[in-house]
Amino acid sequence: MTRILITSAIPYINGIKHLGNLVGSQLPADLYARYNRARGAEVMFICATDEHGTPAELAAAKAGKPVAEFCAEMYEVQADIANRFGLSFDHFGRSSSPQNRKLTQHFAGRLKAEGYIEEVSEKQVYSNADGRFLPDRYIEGTCPNCGYDSARGDQCENCTKQLDPTDLIEPRSAISGSTDLEVRETKHLYLRQSKLKDQLDAWINSKTDWPVLTTSIAKKWLHDGDGLRDRGITRDLNWGVPVKDGEKDWPGMEGKVFYVWFDAPIEYIAATKEWADARGLDDGAWESWWRTDKGADDVRYVQFMGKDNVPFHTLSFPATIMGSGEPWKLVDYIKSFNYLNYDGGQFSTSKGRGVFMDQALDILPADYWRWWLLSHAPETSDSEFTWENFQASVNKDLADVLGNFVSRVTKFCNSKFSPAVPEGGAYGEREQALIADLTTKIRAYEGHMAAMDVRKSAAELRSIWVAGNEYLQEVAPWSTFKENPEQAAAQIRLALNLIRVYAVLSAPFIPTASAQILSGMNTLDMSWPDDIEAALGALPVGHEFTVPEVLFAKITDDQREEWAEKFSGVRD
Ligand SMILES: [Zn+2]
């Protein structure tokens, strides 16, 4: 059996993500997971929240909560929204888990043993009042360039000038406001990525099937300018994985934690252990996905992410894996995405511009969003969400094409025959032509889905829906019925069976509607139409069904205008 390990880039714990975030990783990863399960593959689909680091500390302080409590609450919020969007993770973990703590410390110990860790002394700002070192963004002061009085130690957000904390005039702690600051010496661990450059280069060169977007970004970071730089993997913070050498203390590193970029991707592995632990399974259960010496040799590992995450996943995380000297699974294929823009500009979390995941579900069911986002996925270039396009796509594709087909066929059968698959008549030339056409289209759909060509898959699925509509329009059972009810029965028998086939084929895109259709057709038969002619006989004569409720309501012009107005401004 094919075994596929799928990870989606893990969302940062702060705040609820917007639709641009969703379509850049989790949603296409879910599409691929659902498709492969439907085709009989054994799938492990992993995601998690990325919880450590300065932004979580700051947000928790702002909310007046201990950071662990803040993260626990935000995790529940994100998990609930993911669930309501139909994201079918096998496990949605947390990078703050004990499993990730242990594994991160293990990797650091291995990297040290293999000679890939260097201890570096640097100067950093220390706040006597706060009793801690301050990361650059925890220091505020007046910008030497524009005079803005709340510039951060890393950048002035007024004039965008990149700054060092020592550039600021009258620097103060962003935590306490104290100006009692001093520059102190502190020691940090660096991952010697530069030593792994040739190995990384050879590995990336071997990935000839990767999308150009992925390899070009990786190559740029590997070769441009100074090339691959060594990177600090520790921070003077309280919130994070404590620095340890495996299970041993690391002399001189007491009170420090690993930098969030180091522990976050390790959570892909740790979350799979969380999955096993939650089910009372032994280590072999998760190791068979991740250790090539323990069964992961036959696993195909695919990662989904936005283009901003590519450098970490093509260089830094592989450097951690390769440098460990242990047989961990490296990624086989990286599917990366460009950005989705919002109505003439960018989605903005800080400005609350665009539609966020919770707001989307407040106004329409998940399938409407899933269909639009996937059928307009920013694959070869950035794409743009507009309300006009969203309305047109939902109304035409979902309501007029798929929804209408299901509705017309079931209602007609119910009124002229009975709410059961009718008997009589036989398939003729027109039906054979349809079967041939559908066979071609379904095989093309399978090819696009396997290749993760998301937009092409959506277009092919739509054309499969259209083929059924064209058939119905052409044979017009409502006319046939008057002269030849037997032939009309055969046409409707085919169409009713086609409804089940549509539900099965469409489930990766629109799982809720698909389940609703199958429930209406009164069947649990989710078998894939490998042989479309056979599949069109799956619901036998006499099989009863219920006429489903309206599957997709159309979006009105009033709604479109109201929502466009509502989401243009600032989120509360
Ligand atoms: Zn400035």
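You'll find the chain entered in an unreviewed UniProt entry as Methionine--tRNA ligase, with Litoreibacter meonggei given as the organism. What the UniProt record of the chain gives under Function (unreviewed entry) is the line "Is required not only for elongation of protein synthesis but also for the initiation of all mRNA translation through initiator tRNA(fMet) aminoacylation."

Asks: Report on the coordination of the zinc ion, specifying residues and quantitative values.
Replies: Every protein donor of the zinc ion is accounted for by Cys 143 (SG), Cys 146 (SG), Cys 156 (SG) and Cys 159 (SG), and the metal-donor separations fall at 2.3 Å. Note that the zinc ion binds four donor atoms; their angles at the metal cover 105 to 115°, and the shape is tetrahedral. Each donor residue of the zinc ion lies on the same chain, and together they follow the pattern C-x2-C-x9-C-x2-C. With Cys 146 in the loop between β6 (139–142) and β7 (151–152) and Cys 159 in the loop between β7 and β8 (169–173), the pair connects residues that are 13 residues apart, well separated along the chain. Of the residues examined, Cys 146 reaches a relative accessible area of 34% and is grouped as partly exposed.

Asks: How would you sum up the layout of surface pockets? Please name residues and give values.
Replies: The space that makes up the second largest pocket amounts to roughly 570 Å³. Lining the second largest pocket are 20 residues, with Glu 122, Asp 136, Tyr 190, Arg 235 and Tyr 259 sitting closest to its centre. At the level of secondary structure, the elements contributing two or more residues to the lining of the second largest pocket comprise β4 (117–127), β9 (181–191), β10 (231–232) and β11 (234–235). Sort the elements by how many residues they give to the lining of the second largest pocket and β4 lands first, with four residues. Here the lining of the second largest pocket is built from residues that sort into seven nonpolar, five polar and eight charged.

Asks: I'd like to hear about the domain arrangement of the chain, residue by residue, with values.
Replies: When cut into domains, the chain gives domain 1 (3–114 + 195–228 + 255–337), domain 2 (117–191) and domain 3 (400–544). Centre-to-centre separation of domain 1 and domain 2, based on C-alpha positions: 30 Å. Residue-level contacts link twelve residues of domain 1 with nine residues of domain 2. Across the interface of domain 1 and domain 2, roughly 860 Å² is buried in total on both sides, 67% from carbon and sulfur atoms. Summed over the three residues of domain 1 that lose the most area to domain 2, namely Thr 54, Leu 58 and Lys 256, the buried surface amounts to 44% of that side. With a shortest N-O distance of 3.3 Å, Glu 57 and Arg 132 are connected by a salt bridge. The set of elements that each furnish at least two residues to the side of domain 1 that touches domain 2 consists of α3 (54–63), α5 (98–113) and α10 (310–323). Residues that form the side of domain 1 that touches domain 2 fall into these classes: six nonpolar, three polar and three charged.

Asks: So, the sheet that holds strand β19 (residues 383–385): which residues are in play, and what are the values?
Replies: Read from one edge of the open sheet, three strands run β18-β17-β19, paired in mixed fashion. Edge positions in the open sheet fall to β18 (345–346) and β19, since each of these has one partner strand only. Of the strand pairs in this sheet, strand β17 (residues 340–342) and β18 are connected by two bridges, and their pairing is antiparallel. Its bridge partner being in β18, Asn 341 is matched across the sheet by Gln 346.

Asks: Any chance you could break down empty space enclosed by the protein for me, citing the residues and the numbers?
Replies: Sizing a probe to match a water molecule and rolling it over the atoms shows the empty space that remains. Summed over all chains, the structure comprises four cavities of 30 Å³ or more. A volume near 70 Å³ is recorded for the largest cavity. What lines the largest cavity is Pro 11, Ile 16, Lys 17, Gln 26, Gln 78, Ile 81, Ala 82, Phe 92 and Met 357. Classifying every residue of the lining of the largest cavity by side-chain character gives six nonpolar, two polar and one charged.

Asks: Account for the nonpolar core, naming residues and giving values.
Replies: Phe 85, Trp 369, Trp 387, Phe 390 and Phe 509 are the most contacted members of the largest nonpolar core, which has 169 residues in total. Top element by residues in this core is helix α13 (residues 387–416). It accounts for twelve residues. Listed in part, the nine residues of the second largest apolar core include Ile 139, Cys 143, Leu 163 and Leu 168.

Asks: Account for the packing of aromatic side chains, naming residues and giving values.
Replies: Enumeration over the complete set of coordinates arrives at 34 aromatic pairs. Geometrically, the ring pair formed by Tyr 126 and Phe 133 is edge-to-face, given 5.1 Å between the ring centres and 80° between the ring planes. The pair Tyr 126 / Phe 133 is uniform in exposure class, with both members buried. Ring geometry for Tyr 268 against Phe 317: centres 6.1 Å apart, planes inclined by 65°, an arrangement best described as edge-to-face. Residue Tyr 268 is found in helix α8 (residues 260–278), and its partner Phe 317 is found in helix α10; the two are separated by 49 residues along the sequence. Overall, the relative accessible area of 3% leaves Tyr 268 in the buried class. Accessibility expressed as a relative area gives 5% for Phe 317, which makes it buried. Taken together, the ring pairs connect Tyr 342, Phe 347, Trp 369, Trp 372, Phe 385, Trp 387, Phe 390, Trp 563 and Phe 567 into an aromatic cluster.

What counts and how
Residues numbered from 1 in each chain as written. Predicted model: local features only at pLDDT ≥ 70, side-chain atom pairs only at ≥ 80, totals over all residues. Heavy atoms only, no water. UniProt positions renumbered as here; feature names shortened; annotations may be inferred. Donors = N, O, S within 2.8 Å, 3.2 Å for Na, K, Ca; no water. Tetrahedral: all angles 85-135°; square planar, octahedral: opposite > 155°, others 65-115°. Helix = DSSP H or I, 4+ residues; strand = E, 2+ residues; numbered from the N terminus. Buried < 20%, exposed > 50% of the residue type's maximum accessible area, 1.4 Å probe, protein only. 1 Å grid on protein atoms, 1.4 Å probe; cavity = no way out; pocket = protein on both sides within 12 Å on 5 of 7 lines; lining within 4 Å. Points joined across faces, edges and corners; volume = space filled by probe spheres on them. Nonpolar A, V, L, I, M, F, W, Y, C, P; charged D, E, K, R; others polar. Domains from an automatic or database assignment. Contact = heavy atoms within 4.5 Å. Buried area = accessible area lost by both parts, 1.4 Å probe. Salt bridge = Lys/Arg side-chain N within 4 Å of Asp/Glu carboxyl O. Pairing = 2+ DSSP bridges. Core = buried A, V, L, I, M, F, W, Y, C linked by side-chain atoms within 4.5 Å. Phe/Tyr/Trp six-rings, centres within 6.5 Å; stacked < 30°, edge-to-face > 60°.

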